[in-house]
Amino acid sequence: MYSGSDSETDDNEHPLLHRRSFLKVNKAPACCSARYGLAILSFFGFFVVYALRVNLSVALVEMVKTKVSSNSSSSVCPHSSSPGVQHNTTASVYNWDSDTQGWILGSFFYGYLFTQIPGAYLARKFGGKWFLGLGILGTATLTLLTPVAAELGPGYVIGIRVLIGIGEGVTFPAMHTMWSAWAPPMERSKLLSISYAGAQLGTVVALPASGLICFYMDWTYVFYIFGAVGVGWFFLWAFLVSDTPETHRNISVQEKEYIVSSLKDQLNSSNKNIPWGSMLKSFPVWAIVVAHFSYNWTFYTLLTLLPTFMDTVLGFSIQQNGFLSALPYLGCWVVMLLGGQIADYMRETWLYSTVAVRKLCTAIGMVGPAVFLVAAGYTGCNYILAIAFLTISSALGGFSLSGFNINHLDIAPSYAGILLGITNSAATIPGMVGPVIAKTLTRSNTIEEWQTVFYISAAINVFGAVIFTIFGKGVVQDWAVPGFHSHGN
């Protein structure tokens, strides 16, 4: 497990471009390229994925609008002023208690967990294009059915959300599998940061848009509109994307040769056997597992409950709620894109090794958010400071995409999708239990209760950063490609 490729000597002292200059691979232009076309289209795919995932967080505030605690009819903080426009309240509302809401918000992740590893395995075997595309199409179709499920009862909503989770569970492993064949080593941070940043923008757009839709139309249209967008995206994906550069109809010869040549020493497509035992005994793999779990605890807790915090503690209206809940993810989206460019620049200019860049980005992206999340709990009713701290916390988390989040491709590019399936399975658990625990801890929605939620999330974040810093690696592992030794990337 810790032999040739576990040593960081080559990675630290002889950066990739210097060691491989003899390969003379001519870099293909990025403009109008197939690989950046894939990045942009997958960007919008993950935009849809997260829009369909988070719209319920805002809609649920309206779906149970008339259900308030017995000892209070308002938020902890005084309500801020709202525009004098009449709020549309024509849609049904439901008498769902706090526990029921917690299970509805967390149910998605039970399905999401189920398809991580199977989706990764099947995507590696048959290609990721259709698994990702059909996963999003199924999610969009089920989203269109959510208002009907709500009328039938909370159990049906939970069932729909579990099925939506099953559909979305294949998306990230399938995309990682595709990137293992499409992303040249020195462009990984750039391409993947563009691709996965769509998730943050989907959150940024879906939260305020859902608030406006709820206010001016009603909450049912949140599901109808975003579901229709997802169906439309599927047709673009089906006609414009290919699993590999070799099968792409419009890729240039120069770009195809560039991608294939840059990856030829790293991919092991001839070996169909997956080294499960070596993976599960690898400390670098477990470092990613722990970091991924820890980061997602905070991420999913805020993703599902931030609109509730804005409503019940800070007292923002449904119009304001969506916009203000989106600000943290807008910051994260910007930092994700910039972080990917910075990470690859640091590597290309030989200033830092891959492992140093990954650990630095992970530390900034996990410890920084922990500090500001705790600080947000002590802002009281200072709306500006609370939103500022939450935004900074989430924004700093964007650096993690260039850290542990793409480290799978560094240590085992041939099995990147499988590894993401493993780590994302563990990282889905916080989404299952986090909202339920947080809802349990915030029954009265006091500031002190939310401080406890923030402390727990921050402590888990720091723990994950420490583990990755100790055990994370930046080189291809021996078990990943037989006969490939100590090649940093």
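Because the structure is predicted, anything quoted here is derived from the model rather than measured. (Residues numbered from 1 in each chain as written. Predicted model: local features only at pLDDT ≥ 70, side-chain atom pairs only at ≥ 80, totals over all residues. Heavy atoms only, no water.)

A. How the structure looks around the pattern of salt bridges. Across all of its chains, the model carries nine salt bridges by this definition. With a shortest N-O distance of 3.4 Å, Asp99 and Arg443 are connected by a salt bridge. Placement of the pair is Asp99 in helix α4 (residues 98–114) and Arg443 in the loop between α19 (416–441) and α20 (447–471), with a sequence separation of 344 residues. On the accessibility criterion, Asp99 (33% relative accessible area) is partly exposed. (Salt bridge = Lys/Arg side-chain N within 4 Å of Asp/Glu carboxyl O. Helix = DSSP H or I, 4+ residues; strand = E, 2+ residues; numbered from the N terminus. Buried < 20%, exposed > 50% of the residue type's maximum accessible area, 1.4 Å probe, protein only.)

B. View of the side chain of Thr428. Along the polypeptide, Thr428 turns up in helix α19. When residues no more than four places from it in sequence are discounted, the contact partners of Thr428 are Phe109, Tyr112, Leu113 and Gln116. (Contact = heavy atoms within 4.5 Å.)

C. Molecular detail of the environment of Leu144. Within the fold, Leu144 resides in helix α6 (residues 128–144). Given a relative accessible area of 28%, Leu144 falls into the partly exposed group. Counting along the chain gives 84 residues from Leu144 to Ala228, while the straight-line C-alpha distance between them is 7.6 Å. The contact partners of Leu144, leaving out residues within four places of it in the chain, are Phe223, Tyr224, Gly227 and Ala228.

D. Spatial organisation of α6. With 17 residues, α6 should reach 24 Å at 1.5 Å per residue; the first-to-last C-alpha distance of 25 Å fits that figure. Elements in contact with the buried residues of α6: α3 (34–63), α5 (116–126), α7 (146–152), α8 (154–169), α9 (171–182) and α11 (220–240). (Expected span 1.5 Å × (residues − 1).)

E. Up close: a nonpolar patch on the surface. Taken together, the side chains of Leu212, Tyr216, Met217, Tyr221, Tyr224, Ile225, Val229 and Phe323 define a hydrophobic patch exposed on the protein surface, amounting to about 670 Å² of accessible area. If one sorts the elements of the nonpolar patch by residue count, α11 sits on top with four residues. As for its placement among the helices and strands, Tyr221 is situated in helix α11. (Patch = residues over 30% accessible without salt bridge, like charges linked within 9 Å, V, L, I, M, F, W, Y side chains within 5 Å. Areas by Shrake-Rupley, 256 points an atom, 1.4 Å probe, with all protein chains shown as cover.)

F. View of the packing of helix α16 (residues 354–376) against α20. At a closest axis distance of 9 Å, the pairing of α16 and α20 adopts a crossing angle of 165°. Between α16 and α20, the angle falls in the class roughly antiparallel. Every pair of crossing elements has a handedness; the one defined by α16 and α20 is left-handed. Facing α16, whose interface residues are Arg358, Lys359, Thr362, Met366, Val367, Pro369, Ala370, Leu373, Val374 and Ala376, α20 presents Phe454, Tyr455, Ser457, Ala458, Asn461, Val462, Gly464, Ala465, Phe468, Thr469 and Ile470. (Axes fitted to C-alpha atoms, helices over the stretch in contact; angles between N-to-C directions. Parallel < 35°, antiparallel > 145°, perpendicular 65-115°, else oblique. Left-handed = near helix turned anticlockwise from the far one by under 90°.)

G. Fine view of unusual backbone geometry. For Cys32, which is not glycine, the phi torsion reads 60° and is therefore positive. Mapping Cys32 onto the fold places it in the loop between α2 (16–19) and α3.

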